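Structural description and commentary
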Amino acid sequence: MSKILIGNIKEILPGHAYKTRINGNEILIINDDSNFYAIDDTCTHAGASLADGKLEKNTITCDWHGAKFNYKTGKLMKFPTKIDDLKSYKIKLESEDIFIEL
């Protein structure tokens, strides 16, 4: 498992998400009141970027068709049909730097 520097905690404001590309994967980093989470950025329903989605109460809602995922775990929370969960990644904070483990 490798640890990759994403950025500084001051670069991602609380309540916001930051889309990044790591090793060809688009990943969304979310700041929830200074707790950071990372999930795949691509909705498993129709391929929309979740960076345009709405964050609220531990969920991100896809802007295209309304699929709701728990951004802490990547688990599907609500959608009319069963679709795949998102992959989630472990985040490590060291001083003010944000690292993701892949």
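Residues numbered from 1 in each chain as written. Predicted model: local features only at pLDDT ≥ 70, side-chain atom pairs only at ≥ 80, totals over all residues. Heavy atoms only, no water.

A separate point is the pairing of strand β10 (residues 97–101). Across the five residues of β10, four count as buried, placing the element largely inside the fold. Judged from the five bridges that link them, strand β1 (residues 3–8) and β10 form a sheet pairing that is antiparallel. Bridge assignment links Asn8 to a residue of β10, and that residue is Asp97. By the bridge criterion, five bridges tie strand β9 (residues 88–94) to β10 in an arrangement that is antiparallel. Residue pairing across strands places Ile91 opposite Ile100, the latter belonging to β10. (Buried < 20%, exposed > 50% of the residue type's maximum accessible area, 1.4 Å probe, protein only. Helix = DSSP H or I, 4+ residues; strand = E, 2+ residues; numbered from the N terminus. Pairing = 2+ DSSP bridges.)

Right, let's get into the sheet that holds strand β5 (residues 54–56). The four strands lie next to each other as β5-β6-β7-β8, forming an open sheet whose pairing is antiparallel. Each edge of the sheet is formed by a strand with only one pairing partner; in this case those strands are β5 and β8 (76–78). The sheet shows a mean angle of 30° between the axes of neighbouring strands, taken without regard to direction. Note that strand β6 (residues 59–61) and strand β7 (residues 68–70) share three bridges and pair antiparallel. Looking at β7, one finds that Thr59 is bridged to Asn70. (Axes fitted to C-alpha atoms, helices over the stretch in contact; angles between N-to-C directions.)

The full count for this structure, using the stated rule, is nine salt bridges. A salt bridge links Glu96 to Lys10; the nearest nitrogen and oxygen atoms lie 3.4 Å apart. Of this pair, Glu96 sits in the loop between β9 and β10 while Lys10 sits in the loop between β1 and β2 (17–22), placing them 86 residues apart in sequence. A relative accessible area of 32% means that Glu96 is categorised as partly exposed. (Salt bridge = Lys/Arg side-chain N within 4 Å of Asp/Glu carboxyl O.)

This paragraph deals with the side chain of Thr61. With respect to the helices, strands and loops of the structure, Thr61 is situated in strand β6. Not counting the four nearest positions on each side in its chain, Thr61 is found in contact with Gly53, Lys54, Glu56, Gly66, Ala67 and Lys68. (Contact = heavy atoms within 4.5 Å.)

Let's shift gears to the state of the cysteines. Scanning the entire structure with this criterion turns up zero disulfides. Considering cysteine sulfurs only, Cys43 is the nearest to Cys62, which forms no disulfide, with 3.8 Å between them. Overall, the relative accessible area of 4% leaves Cys62 in the buried class. (Disulfide = S-S within 2.5 Å.)

Backbone geometry places Lys57, a non-glycine residue, at a positive phi of 40°. Turning to its location among the elements, Lys57 is positioned in the loop between β5 and β6. When its relative accessible area of 80% is taken as the criterion, Lys57 is described as exposed. Although it is not a glycine, Ser95 adopts a positive phi angle of roughly 60°. Within the fold, Ser95 resides in the loop between β9 and β10.

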